[in-house]
Each structure stands twice: as C-alpha cells, then as structure tokens.
Amino acid sequence: MSEAGQSAVSVTNVRRLSDAMREMKNAAADRADVVVEMREASRTRLELLAQELQPVFDDVPADDPTFDFAISSGEQPRLWIDAVAHVAMGRDRRTYRFVRDTRLGRVVLAESAEIAPVANQVTRYIAERLVERQRAVEGDVEPLPRGDKQEQETVAPTPNRSAWSSFFSGVAFVILGGIVGVATVVVAMWDRFPELDAFLSRF
C-alpha cells in the first residue's frame, strides 16, 4: 500500500474517533443535564413538603437538639427530620418516602405521591419523639424527701445518741471483763492454797 493510501486511512480513523468522542461527550452532558434536572425537581418537591411542615417545625422548642429540619444536597436530596429519619423522593421522582433507620434496617413510615399524608405522618413522628424525650427527662428527676423541717430536726440528733450508747456499752464490757478476771484469779488461788479454806471455815 502506498504512503498516500495509509495517510488517507489514518486521517479517516482520526476523524471517526474524534466524532465518536464528541458524541460521547454530548451524551454524557445530556445525562448530566437530566440528573441535574431530576435532582432539582426532587429538591423542589421536598421544599414544598418543608413549607407544609413549617408550622410544625416552628412549634418544636428551639433548645431541642434532637431534630434537624434541613434539606441536604447531593445526588439524592433528603429532608432530614432527625439523625435517623428523613424524607426522600422515590425513583419516579414523584413519590414521597418517609423512612427511618433502625438496628433492624430501614423502615418506611409513609409513602405517597401526595404531600398531606406524608406531612401528617412526619407530624406524628415528631410528636412521638417529643413525648419520649419528655418522659425520659421526667424519669431522671428523683422525688424530694418527704416530711417537714421539725421532723428532720428530731431525726438529726440520732447519730449522737447512738455514739453515747456505744461508749457506755464499751465501758460496761470492760467492767464486766474485769470482774470475770478477778473471779478467775480468786478461784485459782482457792484451789492452790487449801489452808485458806480451813482458815475461813473457822468463821
């Protein structure tokens, strides 16, 4: 094959490869545009749900760190309720899915193409979490000791009386021990000196 023919073939291949690469870039751009459009559509729907729930979010105490109430960015936007529950759009980008992550896996709490049912379920979930937190806080409070001040004053001197009782009991044990010791010595001497018994029998 001549040099002219080889150059013609190489130029043709370069043109075909460049055309194919251009087509691939255009296809990738189209797909990216579709992804962006879908992501924006999902975010817009979640913003509508957040607007529906705004009165509920406003009623939650501001000092409660449990809830997030924020829409995250990413390939799949999510409306976060707290650290384990969020709302995301389904694959059709029209269905709201309210899910919660548990130790046993992800649980779907509500799923609907309408905003109202999902908003109602989110409201119930927030109420349940608030009640659980309130019960936990109330359970940590210990009841105050009952009785008036006078009763507490009468009970307070008890340790002093108990200390004096222990002291006198100790003294009594010492005296009793001394008596027992003296009696033991007397009995021993009585057996050792029988003439003492004869002497005392005279009286």
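Look up a bit, the structure's there.
If you're wondering where the values come from, they're calculated on a predicted model, not measured in any experiment. (Residues numbered from 1 in each chain as written. Predicted model: local features only at pLDDT ≥ 70, side-chain atom pairs only at ≥ 80, totals over all residues. Heavy atoms only, no water.)

Quick word on the overall build of the protein chain
- When you go through the protein chain residue by residue, the secondary structure sums to 5 helices and 5 strands.
- Reading the protein chain from its N terminus to its C terminus gives the helix and strand order α-β-β-β-β-β-α-α-α-α.
- Looking at the protein chain as a whole, 15% of its 203 residues qualify as buried.
- Put simply, of all contacts in the protein chain between residues at least 6 apart along the chain, 43% involve residues at least 24 apart.
- Carbon and sulfur atoms form 58% of the exposed surface of the protein chain, whose accessible area is close to 15,800 Å². (Helix = DSSP H or I, 4+ residues; strand = E, 2+ residues; numbered from the N terminus. Buried < 20%, exposed > 50% of the residue type's maximum accessible area, 1.4 Å probe, protein only. Contact = heavy atoms within 4.5 Å. Areas by Shrake-Rupley, 256 points an atom, 1.4 Å probe, with all protein chains shown as cover.)

A few points about the side chain of Asp-82
- Here Asp-82 is to be found in strand β2 (residues 78-82).
- One polar contact links Asp-82 to Arg-129, side chain to side chain, over a distance of 2.5 Å.
- Leave out the neighbours within four places in its chain, and Asp-82 touches Thr-66, Phe-67, Asp-68, Tyr-125 and Arg-129. (Polar contact = N/O pair within 3.5 Å; in protein donor to acceptor, adjacent residues only side chain to side chain.)

A word on the pairing of β2
- Both strand β1 (residues 67-72) and β2 contribute to a ladder of 4 bridges, which runs antiparallel. When the bridges of β2 are listed, Ile-71 appears paired with Leu-79.
- Of the pairings in the sheet, the one linking β2 to strand β3 (residues 85-89) comprises 3 bridges and is antiparallel in character. Within β3, the residue paired with Leu-79 across the bridge is Val-87. (Pairing = 2+ DSSP bridges.)

Quick word on the nonpolar core
- In terms of nonpolar packing, the biggest core is built from 20 residues, with Leu-49, Ile-81, Val-87, Phe-98 and Val-122 touching the most fellow members.
- Of all the elements in the fold, those that place two or more residues in this core are α1 (3-59), β2, β3, β4 (96-102) and α2 (115-140).
- For Ile-81, the residues in contact, after removing those within four places along its chain, are Phe-57, Phe-67, Asp-68, Phe-69, His-86, Phe-98, Val-122, Tyr-125 and Ile-126. (Core = buried A, V, L, I, M, F, W, Y, C linked by side-chain atoms within 4.5 Å.)

Considerations on the sheet that holds β2
- The sheet built from 5 strands is open, its strands ordered β1-β2-β3-β4-β5 with antiparallel pairing. Of all the strands in the sheet, just β1 and β5 (105-112) have a single pairing partner and so form its edges. Ignoring which end each strand starts from, the neighbouring axes of this sheet average 20° apart. (Axes fitted to C-alpha atoms, helices over the stretch in contact; angles between N-to-C directions.)

Remarks on the side chain of Ser-112
- Its place among the elements puts Ser-112 in strand β5.
- Engagement of the side chain of Ser-112 in a polar contact is seen with the backbone nitrogen of Glu-114, the distance being 3.1 Å.
- For Ser-112, the residues in contact, after removing those within four places along its chain, are Thr-95, Tyr-96, Pro-117 and Val-118.

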